[in-house]
Amino acid sequence: MQQVVLRSVSLGSDVEEFLDSRGASTAYSYRATFQKYFLPFLKGFEHRGIVISDMTVLLDLVSVDQAKPKRMKTFLARAVMRKFKDYLVDCGLSINSVHSRLAAVKSFGKYFDVPFSSKDIDLGKAI
């Protein structure tokens, strides 16, 4: 089996720091997720007038949203995960691949103490 080499695309300092903290195979898989799926998804993402330009801005906006009182929250992290799941399904990925791609984003958020949960997403069980 031939291994595909990902082209060197800058994912931003936060993503690179996160990937450096992972093992080689996990970092490779997560890098593929961010390059091929998550960053292209973010370019077209909008939530209640919020447009996100990169991963650092996403972390900052979710952190601010999480700190708000419950009635003032926009639930940005939940919206990102829901719409990203829909994006992955529209790309034709299997349910197991969708779970893996969502796990990469959740792990990224957890690394920076910014929760991205998939518990409120209508997603089937992985096989």
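Our structure's up above, just so we're on the same page.
Residues numbered from 1 in each chain as written. Predicted model: local features only at pLDDT ≥ 70, side-chain atom pairs only at ≥ 80, totals over all residues. Heavy atoms only, no water.

Participant: Can you help me understand helix 1 (residues 13–20) in this one?
Facilitator: Because the α-helix completes a turn every 3.6 residues, residues three or four places apart line up on one side. For helix 1, the complete set of buried residues consists of D14, V15, F18 and L19. Looking straight down helix 1, one finds its buried side chains confined to an arc of 130°; they lie on one side. Exposed positions of helix 1 whose direction lies more than 90 degrees from the buried face are S13 and D20. (Buried < 20%, exposed > 50% of the residue type's maximum accessible area, 1.4 Å probe, protein only. Helix = DSSP H or I, 4+ residues; strand = E, 2+ residues; numbered from the N terminus. Arc of directions from axis to C-beta.)

Participant: I keep staring at helix 5 (residues 95–111) and nothing clicks. Help me out?
Facilitator: For helix 5, built from 17 residues, the straight-helix expectation of 24 Å at 1.5 Å per residue is met to within 8% by its first-to-last C-alpha distance of 24 Å. For helix 5, every residue scored as buried is listed here: V98, R101, L102, A104, V105, S107, F108 and G109. Packed against the buried residues of helix 5 are helix 1, helix 2 (24–43), helix 3 (55–67) and helix 4 (76–90). Count one or two residues on from helix 5 and you reach D113, which has phi positive near 60°. (Expected span 1.5 Å × (residues − 1). Contact = heavy atoms within 4.5 Å.)

Participant: Looking at this structure, how should I read the environment of E17?
Facilitator: As for its placement among the helices and strands, E17 is situated in helix 1. Since its relative accessible area comes to 39%, E17 is described here as partly exposed. In the structure, E17 is positioned 91 residues away from F108 in sequence and 9.9 Å away in space, judged by C-alpha atoms. Excluding its chain neighbours within four sequence positions, the residues that come into contact with E17 are Y111 and F112.

Participant: Just to check I follow, could you spell out the packing of helix 4 against helix 5 for this structure?
Facilitator: In a pair of packed helices, the angle between the axes and the distance between the axes together describe the arrangement. Interhelical geometry of helix 4 versus helix 5 gives an angle of 145° and a closest axis separation of 10 Å. As helix 4 packs across helix 5, the resulting crossing turns out to be right-handed. When helix 4 is examined against helix 5, the residues M81, F84, K85, L88 and V89 are found in contact with a partner set consisting of V98, R101, L102, V105 and K106. Looking at the contact of helix 4 with helix 5 residue by residue, the class counts come to 7 nonpolar, no polar and 3 charged. (Axes fitted to C-alpha atoms, helices over the stretch in contact; angles between N-to-C directions. Left-handed = near helix turned anticlockwise from the far one by under 90°. Nonpolar A, V, L, I, M, F, W, Y, C, P; charged D, E, K, R; others polar.)

Participant: Even after reading the chapter, I still don't get the nonpolar core, so can you show me in this structure?
Facilitator: Generally speaking, soluble globular proteins have nonpolar side chains that are buried together. Among the nonpolar cores identified, the biggest contains 34 residues, and F34, F38, L42, M55, L58 and F116 are the most heavily contacted of them. Only helix 1, helix 2, helix 3, helix 4 and helix 5 provide two or more residues apiece to this core. Looking at which element gives the most residues to this core, the answer is helix 2, with 8 residues. Excluding residues within four positions of it along the chain, M55 makes contact with L11, V15, F34, F38, L39, L42 and F108. (Core = buried A, V, L, I, M, F, W, Y, C linked by side-chain atoms within 4.5 Å.)

Participant: Just checking my understanding: could you explain the side chain of S107 for this structure?
Facilitator: With respect to the secondary-structure elements, S107 resides in helix 5. Residue S107 is classed as buried on the basis of its relative accessible area, which comes to 17%. Setting aside its immediate chain neighbours within four residues, S107 contacts F18, R22 and Y30.

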